[in-house]
Amino acid sequence: MSKIGLAMAGKKSPWGAGDAGSGEPSGEAVGDGGESGDAAPESPPSPPRGSGPRNPWLPPSSGDGRRGQTLEDLFKRRSGGGGGGGGPGFRLPQRPGGGSWVPVAIGLVLLVWLGATMVHRVSPQEKGIVTTFGAYSHTIDSGVSFTLPWPIQAVTVEDVTSIRRDSIPEGDSERLMLTGDQNLVDLTYLVRWNIKDLKLYTFQLAEPDATVKEVAEAAMRQSIAEVSLNDAMGSGRASIESNVRERMQHILDAYRSGVKIQGVEIKKTDPPAKVVDAFKEVLAAQQDAQSDMNRAEARAQQLIQGAQGEATAFDKVYAQYKLAPEVTRRRMYYETMERVLSQTDKVILESSGVMSYLPLPGIKQTPPADNTERR
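First, a word on scope: everything that follows refers to the structure included in this document. This one's a predicted model, so the numbers in the text were calculated from it and none came from an experiment. (Residues numbered from 1 in each chain as written. Predicted model: local features only at pLDDT ≥ 70, side-chain atom pairs only at ≥ 80, totals over all residues. Heavy atoms only, no water.)

**Focus: the overall build of the chain**
We count it as follows: What counts as a helix is a DSSP run of H or I of at least four residues, what counts as a strand is a run of E of at least two, and both are numbered from the N terminus. Contact criterion: two residues are considered in contact whenever any of their non-hydrogen atoms come within 4.5 Å of each other. Methods summary: accessible areas were calculated by the Shrake-Rupley approach with a probe of 1.4 Å, and residue burial reflects only the protein chains presented.
If you tally the helices and strands in the chain, you get 11 helices and 11 strands. Across the chain, the fraction of contacts at a sequence separation of at least 24, relative to all contacts at a separation of at least 6, is 61%. Taken as a whole, the chain presents about 27500 Å² of accessible surface, with 55% of it coming from carbon and sulfur.

Given below as structure tokens:
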């Protein structure tokens, strides 16, 4: 036997002496099988039972009055049974006749469930899709309708009258498109649409709203590629909007989407942000060139109208000339000479005894001679 065992054999256990479940001898020394010839010292007598501290890890004895309540005791008290001192049992309230309220509560819950899943009120601008175990059954219009309870039948209600608006692109992002004359334009437009067939809209396409936006962008790019930059930013907008709407409707009908396009509106057509300054200069030059062309066309119209007036007057004179050639010839001669000689400062007289040429304007311009200086 080791020295530690010999030393502990004669000391008192801190948990009290000799419990039945401890497995330790109370006063006997532990030997090592007779190998050692030394006798163990005699241990002191053990104290009476219950006088010392009790081992908390050992089960309490039958005579120990300090036993705590177990989980089983708590359950027994809650259920109204005895044990652990006993306690008042928990009981549900009863009806005046002595019956239970449980069937009544279950019936009320069942009625509420049936009313919520069988009766459906649809607004005038809405329609509903009825599905039986997930498969399409029929479509209900506005008003009050009845179906089988859930989960046998379910109803999905959609607004089919209101116009939905999709702005492309969303926010202030830039969306560049290529025109027919190889120019880029930043385009923002609005698509208006609604549902014309709720069954196709619900079951034909996985994401009908996203499909409408993708079809709108494809149709707009195709229409912009067919026009020039000036048409896209100017007078060609109405034609582009009409073409985009027709193309979108044709594609969506081919998809059997159940969507009707109400209209397309181009909100903004600007050049790319990086070339705005250069584009403004080009636009100003084009406006100046257009102004010059307008002035030239106005002058050309004036000349054409004057020539047409002279031709009309000549036709009238020619008609008179055919009636009286000699008179008309002399009259034309006089009018021509009058028009020519009215611009000159010379006077010619055809009379005998008079000098044929008189420089009258020159005489008027010559200052009178000063007689005082001659003297």
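**Notes on the packing of helix α5 (residues 208–224) against helix α7 (residues 237–255)**
Applied cut-off: To obtain each axis, a line is fitted to C-alpha atoms, and for helices this fit is confined to the stretch in contact; angles are then taken between N-to-C directions over 0 to 180 degrees. When describing relative orientation, an angle under 35 degrees is termed roughly parallel and one over 145 degrees roughly antiparallel, while 65 to 115 degrees is termed roughly perpendicular and anything else oblique. By convention, the crossing between two helices is left-handed when the near helix turns anticlockwise from the far helix through less than a right angle, and right-handed when the turn is clockwise.
Taken N-terminus to C-terminus, the directions of α5 and α7 make an angle of 135°; their axes are 9 Å apart at the nearest point. Viewed along their axes, α5 and α7 adopt a mutual orientation that is oblique. The hand of the α5/α7 crossing is right-handed. Contacts between α5 and α7 involve Thr211, Val212, Val215, Ala216, Ala219, Met220, Gln222, Ser223 and Ile224 from the first element and Ile240, Asn243, Val244, Arg247, Met248, Ile251, Leu252 and Tyr255 from the second.

**A word on the sheet that holds strand β5 (residues 153–159)**
Within a sheet, adjacent strands bond to each other through the backbone by hydrogen bonds, running parallel or antiparallel. What counts here: In this scheme, strands are said to pair when DSSP sees at least two bridges between them.
Read across the open sheet, the 3 strands follow the order β3-β2-β5; overall the sheet is antiparallel. At either margin of the open sheet sits one strand with a lone partner, and together these are β3 (135–140) and β5. Shown here is a sheet whose adjacent strand axes are inclined to one another by a mean of 25°, direction ignored. Direction of pairing for strand β2 (residues 126–132) relative to β5: antiparallel, over a ladder of 7 bridges. Its bridge partner being in β5, Thr131 is matched across the sheet by Ala154.

**Thoughts on the nonpolar core**
One recurring pattern in soluble globular proteins is that nonpolar side chains are buried together. Our working rule: Residues belong to one nonpolar core when they are buried, are Ala, Val, Leu, Ile, Met, Phe, Trp, Tyr or Cys, and are joined through side-chain atoms within 4.5 Å. Residue exposure (1.4 Å probe, protein chains only): buried if accessible area is under 20% of the type maximum, exposed if over 50%, otherwise partly exposed.
Of all hydrophobic cores here, the largest spans 29 residues; its most connected members are Tyr189, Val191, Trp193, Met220, Ile224, Met248 and Ile261. Of all the secondary structure elements, the ones that give two or more residues to this core are β8 (184–195), α4 (198–203), α5, α6 (229–233), α7 and β9 (259–270). For Trp193, the contacting residues outside a window of four places in its chain are Ser162, Ile163, Arg164, Asp166, Tyr201, Asp209, Val212, Val259, Lys260, Ile261 and Gln262.

**Examining the packing of helix α8 (residues 276–323) against helix α9 (residues 325–341)**
It is at 6 Å that the axes of α8 and α9 come closest, and there the two elements cross at 135°. The angle between α8 and α9 places the two elements in the oblique class. Facing α8, whose interface residues are Val317, Gln320, Tyr321, Lys322 and Leu323, α9 presents Pro325, Thr328, Arg329 and Met332.

**Observations regarding the pairing of β8**
Successive side chains on a regular strand alternate, one facing one side of the sheet and the next facing the other. In terms of residue burial, β8 counts as a mostly covered element, since 10 of its 12 residues are buried. With 5 bridges connecting them, strand β6 (residues 164–168) and β8 associate as antiparallel partners. Directly across from Ile168, in β8, lies its bridge partner Tyr189. In the sheet, strand β7 (residues 176–178) pairs with β8 via 3 bridges, with the strands oriented antiparallel.

**A short note on a nonpolar patch on the surface**
How we decide: Each patch is built from salt-bridge-free residues with over 30% relative accessible area, joining like charges within 9 Å and nonpolar side chains (Val, Leu, Ile, Met, Phe, Trp, Tyr) within 5 Å. Any Lys or Arg side-chain nitrogen located within 4 Å of an Asp or Glu carboxyl oxygen qualifies as a salt bridge.
On the surface, Tyr333, Tyr334, Met337, Val340 and Leu341 cluster together into a nonpolar patch covering about 500 Å² of accessible area. The topology assignment puts Leu341 in helix α9.

**Focus on the packing of aromatic side chains**
Applied cut-off: Stacked, tilted and edge-to-face are the three classes applied to pairs of Phe, Tyr and Trp rings, where Trp contributes its six-membered ring and a pair requires centres within 6.5 Å; stacked means planes under 30 degrees apart, edge-to-face means over 60, and tilted covers the rest.
By the definition in use, this model includes 3 aromatic pairs. Here the aromatic rings of Trp193 and Tyr201 are separated by 6.3 Å at their centres, their planes lie at 40°, and the arrangement is tilted. On the basis of relative accessible area, Tyr201 is assigned to the buried category, the value being 7%. Here Tyr333 and Tyr334 contribute two aromatic rings whose centre-to-centre distance is 5.9 Å and whose plane-to-plane angle is 55°, an arrangement assigned as tilted. With relative accessibility at 48%, the residue Tyr333 sits in the partly exposed group. In this structure Tyr334 comes out as partly exposed when scored by relative accessible area, which is 47%.

**Points about unusual backbone geometry**
Here Trp150 and Pro151 are connected by a cis peptide whose omega angle stands at 10°. In this structure, Pro151 sits in the loop between β4 (143–146) and β5. Cis peptide bonds are those with omega within 30 degrees of zero, and the linkage from Ile168 to Pro169 qualifies with -5°. With respect to the helices and strands, the residue Pro169 is situated in the loop between β6 and β7. Phi angles above zero are rare outside glycine, and Gln182 is one such case at about 65°. By the secondary structure assignment, Gln182 is in the loop between β7 and β8. Look at Arg256: it is not a glycine, yet its phi comes out positive at around 55°. Along the chain, Arg256 turns up in the loop between α7 and β9. Using a relative accessible area of 46% as the deciding quantity, one classes Arg256 as partly exposed.

So yeah, pure geometry; function would need other evidence.
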